Amino acid sequence: MKEIKEKVRGQSPKIRNPASRLPKELVRSAMLEAKEKSSIMADKIGRETGEESPVEYAGNRIQRVEQRMGRESASAAYRGGKKLAVKTYEKIKAQKQKQREAATPSLGEENTRGNTFTQAGQTMAKKGRTEATRSIKVKPEAEKTIKEAGNRTVKIAPRVVKASPVSSQKVKTQAVLQKKQALKSMKAAREAKRAAMHSVQTAKQSAKATGRGLKAMAEAAAHAVKAAFAALMAGGGAVLVVLILIVGIIGGAAFLGNSQSSEALSAEVLAHTPAIQKYASEFGIPEYVPAIQAIMMQESGGRGTDPMQASECPYNTQYPNTPGAIQDADYSIKVGIQYYADCVREAGCQSPQDMDKLKLSWQGYNYGNGYISWALEKFGGYSEANALQFSQEQAAAHGWSGYGDPEYVPHVMRYYSGGGWFTGLFGNRQLVTIAKSQLGNEGGEKFWSWWGFTERQEWCACFVSWCADQAGLIQNGAVPKFSLCTAGVDWFQAQGKWQGAGSVPSPGMIIFFDWDHDGASDHVGIVESCDGTTVHTIEGNSGDAVRQNSYTVNSQSILGYGLVAY
């Protein structure tokens, strides 16, 4: 048994990096791919039968629900606004009544003062009429009520102040002011109603977005079932079973994606992926690459000369065994993975999906693998409670304020994509993620110098090859390393992995262009997405920079696509 790897780590989570490779995005990509591959056959069947398809039925049902929700929400908001306006008016009316009751005649006022009040009253009355005119357009019944209240006020004024014309004018002026206040309150009520309507509209948009997501899932499943039915009619019973299984897997993955971690891997971690794959294979855990990437994200985000924070591991023999001592990133990855392989074996982890044992191996990497034997012996495995207990015991034994990160497993879980089946099935999305991380690069020196050129070359193919290498696709034989577009076309065609122009591509495919229309490719990029009519791409050497572009599916400049089998 190796001694406990004593390392004191900060307990704060690492800064989240905005790179984008989310499991939920991978699932959406798969659903889009299933829909695109089966859409032609499914639509043909729908036209021949003349019946409403499952997609149309589901879409119509969702639209009706959205419309009903919108009507009900708007009606509720209007009733609330109306009720608020009535309450506001009643409150103002009560205040006016109190003011009238408190009014007393002022017999000693000068005539000049009375004239001043008269002029002010006329001015305010004019202004009040202007406000009233604007409010009639919105709420005529409210304006009618206000006019009646104003008329009653004017009639009462002479009875209360018979002794002084000046006081009569003053009361009239007060009535006009009160009328203006009432109009302002009504205006405020309308503004409140508008705000409520805005909130309802936002809620409707959210509901529609959810509805569209459900509709997309329904479309993917419906197209797959229709395609399976067509295959069955053609005698493909085995194909039917496979497609039904695929529909089930996609549906299950869509819901699993909501509960699993979805934090993005940084560009730096993705750049280290080839080294991670290399050493994971060397030390017998090639299927644990996503687990190691998650560790690296938590340890360093992939940055620095010791990205695995492995200097305290027993396999570090070239640098001091102090935090951050390793000065060679590749060596750090090698030492860290060698040590983590021990943790996997000691935890008894059988696969990346064996989550209980995987969590034990992760916490063992942070605390030292002595924790693994301790947890197995005392508790039978990992738990957050015993991770905290171990930290407290070790801190007390050494006289330290803290030991390791008791919440290391939840922190690592944020970056874990799950590995296994879906990593292989949806791996092409990683190629898109890596390409997007390079947007804005100008000049392309990073890519053509990586290839081995000492001076600038036309670097679109170098860019695609670099991205494929970072995703491990060249090492796996899924994409060739090519610097000439024609060489890339020849390779994909020779491998039987070529899709002709005019077809609908999937994300992660390699798109080849023929600007001169002479049958030879002179530009290449990566398909980011396709909505059935427009292809969205990421291309190197597009105006001497990495840029996003768009083309129609039937563009005469598209020569074809290289299929990437991850």
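Residues numbered from 1 in each chain as written. Predicted model: local features only at pLDDT ≥ 70, side-chain atom pairs only at ≥ 80, totals over all residues. Heavy atoms only, no water.

Peer 1: How would you summarise helix 13 (residues 384-398) if you had to cite specific residues and measurements?
Peer 2: Taking 1.5 Å per residue as the helical rise, helix 13 with its 15 residues ought to reach 21 Å, and the 21 Å between its terminal C-alpha atoms agrees with that figure. Taken together, the buried positions of helix 13 are occupied by Asn386, Ala387, Phe390, Ser391, Gln394 and Ala395. Contacts from the buried residues of helix 13 go to helix 11 (355-367) and helix 12 (370-379). Following helix 13 by one or two positions, Gly399 has its phi on the positive side, about 70°. (Helix = DSSP H or I, 4+ residues; strand = E, 2+ residues; numbered from the N terminus. Expected span 1.5 Å × (residues − 1). Buried < 20%, exposed > 50% of the residue type's maximum accessible area, 1.4 Å probe, protein only. Contact = heavy atoms within 4.5 Å.)

Peer 1: Could you give me a rundown of the nonpolar core, with the residues and numbers involved?
Peer 2: If you look at the biggest cluster of nonpolar residues, it comprises 81 residues, and the most contacted ones within it are Tyr340, Tyr371 and Phe463. Looking at this core, the element that brings in the most residues is helix 10 (residues 329-347), giving 10 residues. In this structure Phe463 touches Ala435, Gln438, Phe447, Ile526, Ile538, Glu539, Gly540 and Val546, once residues within four positions along its chain are discounted. Ile511, Phe513, Tyr551 and Val553 belong to the second-largest nonpolar core, a separate cluster that totals 10 residues. (Core = buried A, V, L, I, M, F, W, Y, C linked by side-chain atoms within 4.5 Å.)

Peer 1: Hey, could you go over the pairing of strand 6 (residues 558-562) for me, with residue numbers and the actual values?
Peer 2: Along strand 6, 4 of the 5 residues are buried, which leaves the element largely enclosed by surrounding structure. Relative to strand 6, strand 1 (residues 498-500) is paired through 3 bridges, and the arrangement is antiparallel. Bridging across to strand 6, Trp498 finds its partner in Gly562. (Pairing = 2+ DSSP bridges.)

Peer 1: I'd like a description of the pattern of salt bridges, backed by residues and values.
Peer 2: In total, this model carries 5 salt bridges according to the counting rule given. A salt bridge links Arg345 to Asp342; its shortest N-O distance comes to 3.3 Å. Pair noted here: Arg345 and Asp342 are both in helix 10, with a separation of 3 residues, about one helical turn. Judged by its relative accessible area of 51%, Arg345 falls in the exposed class. Residue class for Asp342 comes out buried when judged on its relative accessible area of 10%. Among the salt bridges present, the one from Asp544 reaches Arg456, with a minimum N-O distance of 2.7 Å. (Salt bridge = Lys/Arg side-chain N within 4 Å of Asp/Glu carboxyl O.)

Peer 1: Describe helix 8 (residues 273-282), listing the residues and the values that go with them.
Peer 2: Counting buried positions along helix 8 yields 7 of 10 residues, so the element is predominantly enclosed. Within the sequence span of helix 8, burial applies to Thr273, Pro274, Ala275, Ile276, Gln277, Tyr279 and Ala280.

Peer 1: Go over the packing of helix 8 against helix 10, please, and point to the residues and values.
Peer 2: Contact geometry of helix 8 with helix 10 gives a least axis separation of 9 Å together with a crossing angle of 35°. As for the relative orientation of helix 8 and helix 10, their crossing is right-handed in sense. For the pair formed by helix 8 and helix 10, the contact residues are Ala275, Ile276, Tyr279, Ala280 and Glu282 on the first element and Asp330, Ile333, Lys334 and Ile337 on the second. Its residues assigned to classes, the contact of helix 8 with helix 10 shows 6 nonpolar, no polar and 3 charged. (Axes fitted to C-alpha atoms, helices over the stretch in contact; angles between N-to-C directions. Left-handed = near helix turned anticlockwise from the far one by under 90°. Nonpolar A, V, L, I, M, F, W, Y, C, P; charged D, E, K, R; others polar.)

Peer 1: Talk me through the sheet that holds strand 3 (residues 523-530); I want residue IDs and the actual numbers.
Peer 2: Pairing in this open sheet of 6 strands is antiparallel, and the strands run 1-6-2-3-4-5 from one edge to the other. Every other strand in the sheet has two partners, leaving strand 1 and strand 5 (547-552) as the edge strands with one partner each. The sheet shows a mean angle of 35° between the axes of neighbouring strands, taken without regard to direction. Where strand 2 (residues 510-513) lies against strand 3, 4 bridges are found, and the strand directions are antiparallel. By the bridge assignment for strand 3, Phe512 is matched with Val524. Those strands touched by helix 18 (residues 460-470) are strand 2, strand 3 and strand 4 (534-539), and its axis lies near 50° from that of strand 3. In the packing of helix 19 (residues 485-494) onto the sheet, contacts are made with strand 1, strand 2, strand 3 and strand 6, and the angle to strand 2 comes to roughly 125°.

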